[in-house]
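Residue strings, one per chain:
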Amino acid sequence: MGLQSVQSMGDAAEGTVRASPLPAADALLRVLRRSLGHGADVALRWQTRNGVVAAVGDGPESPAGTVAERLLANQPGNEGPRQVAIVWTAADGARVALAAILSEPMPQVERNEWLDMARALADAYLVAERAQARVKSLEDSERLQQALYEIADLSGSDMDVTEMLERIHQVVAGLMYAENLYIVLYDAVRGTVRFLYFADMRDPYQADPELEIHERELPNSMTIALLKQGEPLFGPSAEIRHRLGVARDIAHGPDSEDWLGVPMRRDDHVCGALVVQSYEQANVYGDEQRALLSYVAQHILTALDRRQARDELERRVEERTYALQLTNRDLQAEIVERQRAERLQRALFRIAELSITSGSLERFYAQIHDVVGELLYARNFYIAIVRDDGGTLEFPYSVDERDPARPTRKLGAGLTEFVIRAGTAMLADSPRLQQLHASGEVKLHGAIPHCWLGVPLLHEGAVVGVIAVQSYSPAINFTRRDQELLTFVAHHISNGLARKRAQDRLVAAHADLEQRVQARTQELAQANADLLEQIGERLRAEQRLTYQARHDALTGLPNRSQLLERLGMAISRARQSASSASFAVLFLDLDRFKLVNDSAGHTAGDHLLVEAGRRIVAAVREDDMVARLGGDEFAIVVDNLDDRPDSGVDNLAVVETLAQRILTLLSQPCWVAGREVFPSASIGIAFWNPRYRNGADLLRDADAAMYRAKASGRDRWAVFDQAMRDQAVRILDLEADLRRAINGDGFIAFYQPIVQLHDGAVVGHEALLRWRHERRGLLLPGEFIGLGEDSGLIEEVDWVMYRRVLQHLAAEPGDSYVSINVSPRHFRATDFADRLLRLADAAGADPSRLRIEITEVALLDDASRAIRMLRTLRDHGVLAQLDDFGTGYSALSYLHRFPVECLKIDRSFVSGLDSGGGHEAVAVVRAIQALAGTLGIYTIGEGIETLAQSQTLSGLGCTRGQGYLYGRPAETPVYEASLG
């Protein structure tokens, strides 16, 4: 609850009763009455923000007051001639009513003027009254704030609780009547109360703040009832008891005329109460005092909690301080022990370091003395070592205030020898030394010390010496702890001494090794120089190999590997760019380069390639890349093209201009092998497109465009476009279909009958290849033979065809034969004849019913091999027919050497027998017939479509024929020809 809340509570309390007229209000009423004349009755009523009606004027029974109150309640009455009334809303939202009862009627004009004046005066009065109320509220708030500050200061002061509560009592008394006040704390879980403070003028009860009183002991207590109810209570004590049903009990003190109690809450739980009471005056406490005391009670509770928390904190601090004192004492002891351990650790580290860094044994012993002196009293200190002979004791280091020198001696009965014999440490004072000397166990040498401590030096389990300290003063005595410490140190001294001796021995060996190392170092330096030279040569070789791996050996241009790398970077750059980076690839192939190689030799061809590469490089731009792919193929990457629509640059024109410049430079004549050569080239151009996945795809399309240029007449360029791409896709799909058809049933044989011309009897059939495509239907050889030859698949297609023909021969009995077409490719294979015969044998077919049709090119490509193959086939019954005779080389001088059965006259000659130029065709056929007669073989006319052609061929001596006249190719052979 803040100060604003307290102020609002004051405002509420202000309107709980009808306000009595203030001096200013009396003056206002006198002015208003005087202005109306003698006997007038005037009343002013207004409704505050809290809905409470306040009044200025006559009492409640006043007629003018009754009219004003009726107006505020929205109950207008009948306004008579002697009654004046008005109601309005003030600037702050309060509703105001003014009424007057006149002694005699007033004219309307004067009535209106009086109302205006009265309203203005009433507004001024209300403004002044509200200002005065705010001033009073601010004063109350300031007084409350000051009281809360004092309570907060008291809670943080050093005074005891009783004094603090007395001071708080005084603060509360400054806010209201609080002569009689007590504070009680309540434990709802345990059901007990404690009276922290009790001040009363009539009740002699003395409160004990530490005394807990159970609620059962206070059965008729208004305080217990207040704590149980948990709500503030005020009024006469008798009335409150009656309201709460609490019986009168004189043990709880006298009754009061006015009693006010408010609970104190912590987290919505009642934990105490603050009570004030008045024995002499009634109606002292109201809602304003209740709200004020409730607010103060919470701050008192906060002050008590803060004081309790501080007391608890102080108690814990005292407990913690005591615990820390105990811990600190233990830590001090631990620190002393740890410092001792650290000194010992440092000493051990120094001993280990001295065994390595000391220049000599004498220096090592002196530094060991310094180390021991940091751990215990060592003013008199010596080290005794048993020599290697085992019978002599020497003292390499000795510092003593009474015996400055300890000479080397034979092992005897001294204190040092006693420790060596026993192998354990010895601590003895002067009486103990005298006793040992008297018993003869020890013979003392030199001055007798007051206290002596010696420990053995061990190496690999054997005693090799003694380290000893001694004191000549009764004030200095060694303890068992010193013995343990020196024994522990002696162990590390033994190790350090062993390392030092080994180091000294190594020094002697090092001098000898140093000369050897120096000589060896010189040898290694020379070997290192030789090795560096070899490494340099290897690096240069690696650089040459790297260069060779990325460049063409002949022209020095980048090779395919470097070209694909450059294309990969260009593609990556183009994909990352928004839309402004583009490039193109030119694929260049020299025209008729094979002719230069065949005519002038490969050396001349190499010279031409080098010159072509130089000219291409001279034609391109500085940023472009020229690479040789192999043979007579070159590629150019035209990079850094601007592909923005607003750039105004026509990339196609730029690349085409570059291609034309390359062709122009290449076409200039050059001398190769003493001949003037006019080279030319065909160029394919492919532009970057996001569909390309890698550089190989770009090269493929540029290569396809190059072949288009070469097919268009050479010495020109062509740009790869969508039509080429579609054709390439179609070819690619057709090639895939071709491969699937080879493995399936796509290829079939169609048979065209071969007849005797004189009677039309069928003597055989020619097997013709057909492809039953799954989507395009039946395809003729012309639609896929070229693709098959380019891809190398035609041979597999042929063997599928041969297998089907032989299976047909095995399944169809009879004497007629079937001829198959054999391309020159098969004749280049040395095993063709054997493979064909094995295929016939596997199918169970008669080889004598099989004929092969070959062309003149197949015969003349390798005549000797062709002859051997034909003879092998003839020996097994397979005869050969020379197909398309007259269209090839027609090397008649060689023809008689080949074992052929017949000549097939090409259809171009047969079709001319019934045309206008028939005389020339007749002459050619007559010549072929004469040649066949000379060789003793027959002829077959191909492509006979008319009866006239058939009769002419028959008249010229041709015995057999085939064509549409006798039958079209069909999947099922026809054995009876019918003239079509």
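Throughout, residues of each chain are indexed from 1 in the direction in which the sequence is written. In keeping with the model being predicted, local features are shown solely for residues with a pLDDT of at least 70 and side-chain atom pairs are shown and tallied solely at 80 or more, while totals for entire chains, interfaces and linings include all residues. By convention in this description, side-chain values take in all heavy atoms of the structure and omit both hydrogens and water.

### Comments concerning the packing of helix H6 (residues 222-229) against helix H7 (residues 237-244)
Our working rule: Lines are fitted to the C-alpha atoms to define the axes, a helix being fitted only along its stretch in contact, and any angle between axes, read from their N-to-C directions, falls within 0 to 180 degrees. A run of H or I in DSSP counts as a helix once it spans at least four residues, and a run of E counts as a strand once it spans at least two, with each numbered from the N terminus. Throughout this description, any angle smaller than 35 degrees is read as roughly parallel, any larger than 145 degrees as roughly antiparallel, any in the 65 to 115 degree range as roughly perpendicular, and the remainder as oblique. By definition, turning the near helix anticlockwise from the far helix through less than a right angle yields a left-handed crossing, and turning it clockwise yields a right-handed one. Throughout, a residue-residue contact means that at least one pair of heavy atoms, one from each residue, lies within 4.5 Å. When residue character is reported, Ala, Val, Leu, Ile, Met, Phe, Trp, Tyr, Cys and Pro are called nonpolar, Asp, Glu, Lys and Arg charged, and the others, Gly included, polar.
Two elements in contact, H6 and H7, have axes whose closest approach is 11 Å; the angle formed by their N-to-C orientations is 55°. Put simply, H6 runs oblique to H7. With respect to the hand of their crossing, H6 and H7 are arranged in left-handed fashion. Residue-level contacts link Met 222, Ala 225 and Gln 229 of H6 to Ser 237, Ile 240, Arg 241 and Leu 244 of H7. Looking at the contact of H6 with H7 residue by residue, the class counts come to four nonpolar, two polar and one charged.

### Re the packing of helix H14 (residues 593-600) against helix H15 (residues 602-619)
It is at 6 Å that the axes of H14 and H15 come closest, and there the two elements cross at 140°. By the criterion of interaxial angle, the relationship of H14 to H15 is oblique. Here Phe 593, Val 596, Asn 597 and Ala 600 of H14 come into contact with H15, specifically with His 602, Ala 604, Gly 605, Leu 608 and Leu 609. Of the residues contributing to the contact of H14 with H15, the split by class is six nonpolar, three polar and no charged.

### With respect to the packing of aromatic side chains
Filter applied, for reference: Geometry of aromatic contacts follows a simple scheme: Phe, Tyr and Trp rings, the Trp one being its six-membered ring, pair when their centres are within 6.5 Å, and the pair is stacked under 30 degrees between planes, edge-to-face over 60, tilted otherwise. Per-residue accessibility, obtained with a 1.4 Å probe over protein chains only, is compared with the maximum for each type, and a residue is labelled buried under 20%, exposed over 50%, and partly exposed between these values. Any Lys NZ or Arg CZ that is within 6 Å of a ring centre and within 35 degrees of that ring's normal is treated as a charge sitting over the ring.
This structure, assessed with the given rule, holds 15 aromatic pairs. When the centroid spacing of 5.8 Å and the interplanar angle of 55° are considered together, the rings of Tyr 182 and Phe 195 count as tilted. Taken together, the residues Tyr 182 in strand S5 (residues 180-187) and Phe 195 in strand S6 (residues 192-199) connect sequence positions 13 residues apart. As far as burial versus exposure is concerned, Tyr 182 and Phe 195 are alike and both buried. Ring centres 5.8 Å apart and planes at 70° place the aromatic pair Phe 195 and Tyr 205 in the edge-to-face group. Taken together, the residues Phe 195 in strand S6 and Tyr 205 in the loop between S6 and strand S7 (213-214) connect sequence positions ten residues apart. What makes Phe 195 buried here is its relative accessible area of 11%. Cluster of aromatic residues (ring-pair linked, three or more members): Tyr 182, Phe 195, Phe 198 and Tyr 205. Over the ring of Trp 799 we find Arg 835, and its NZ or CZ is 4.0 Å from the ring centre.

### Examining the sheet that holds strand S14 (residues 426-429)
Formally: Only strands joined by at least two bridges in the DSSP assignment are considered to pair.
Read across the open sheet, the six strands follow the order S13-S12-S11-S16-S15-S14; overall the sheet is antiparallel. The sheet is open, and its two edges are formed by strand S13 (409-410) and S14, each paired on a single side. One ladder, built from six bridges, connects strand S11 (residues 380-386) with strand S16 (residues 462-471); its direction is antiparallel. What sits directly across from Ala 384, in S16, is Val 466. On the sheet, helix H10 (residues 415-422) packs against S11, strand S12 (392-399), S13, S14, strand S15 (451-459) and S16 and is oriented at approximately 45° with respect to S15. Sheet contacts for helix H11 (residues 430-439): S14 and S15; angle to S14, the most-contacted strand, approximately 100°.

### A short note on the nonpolar core
One broad rule of soluble globular proteins: the nonpolar side chains tend to lie buried together. For clarity, the threshold we go by: Residue types Ala, Val, Leu, Ile, Met, Phe, Trp, Tyr and Cys, when buried and joined through side-chain atoms within 4.5 Å, form a set referred to as a nonpolar core.
Grouped together as the largest cluster of nonpolar side chains are 71 residues, with contacts concentrated most on Phe 827 and Ile 852. Take this core: its biggest share by element is nine residues, from helix H20 (residues 794-811). Those residues in contact with Phe 827 that lie beyond four places of it in its chain are Val 822, Phe 832, Ile 852, Ile 854, Ala 858, Arg 865, Ala 866, Met 869 and Leu 870. The next biggest cluster of nonpolar side chains, apart from the first, holds 35 residues, and it includes Leu 165, Met 176, Leu 260 and Val 284.

### Focus on helix H3 (residues 63-72)
The following threshold applies: Throughout, the arc means the angular range of directions from the helix axis out to the C-beta atoms.
Turning to H3, its buried residues number three or more, namely Ala 64, Gly 65, Val 67, Ala 68, Leu 71 and Leu 72. Across the axial projection of H3, the buried residues extend over an arc of 160°, all falling on one side.

### Concerning the pattern of salt bridges
Think of it this way: side chains of opposite charge can pair up when their charged atoms draw near. Quick note on the threshold: In the sections that follow, a salt bridge refers to a side-chain nitrogen of Lys or Arg positioned within 4 Å of a carboxyl oxygen of Asp or Glu.
Summed over all chains, the structure comprises 39 salt bridges. Between Asp 591 and Lys 710 there is a salt bridge whose closest N-O contact spans 2.7 Å. With Asp 591 in the loop between strand S17 (581-590) and H14 and Lys 710 in helix H17 (residues 695-711), this pair connects stretches of sequence that are 119 residues apart. Summarising the burial analysis for this pair, Asp 591 and Lys 710 share the class buried. Among the salt bridges present, the one from Glu 853 reaches Lys 904, with a minimum N-O distance of 2.7 Å. Of this pair, Glu 853 sits in strand S28 (residues 850-854) while Lys 904 sits in strand S30 (residues 902-905); the two residues are 51 residues apart in sequence, bridging distant segments of the chain. Both residues of the pair, Glu 853 and Lys 904, count as buried.

### Quick word on unusual backbone geometry
Its identity as a non-glycine residue notwithstanding, Asp 268 has a phi of 65°, on the positive side. Within the element layout of this structure, Asp 268 appears in the loop between strand S9 (258-266) and strand S10 (269-278). Residue classification places Asp 268 among the exposed positions, given a relative accessible area of 70%.

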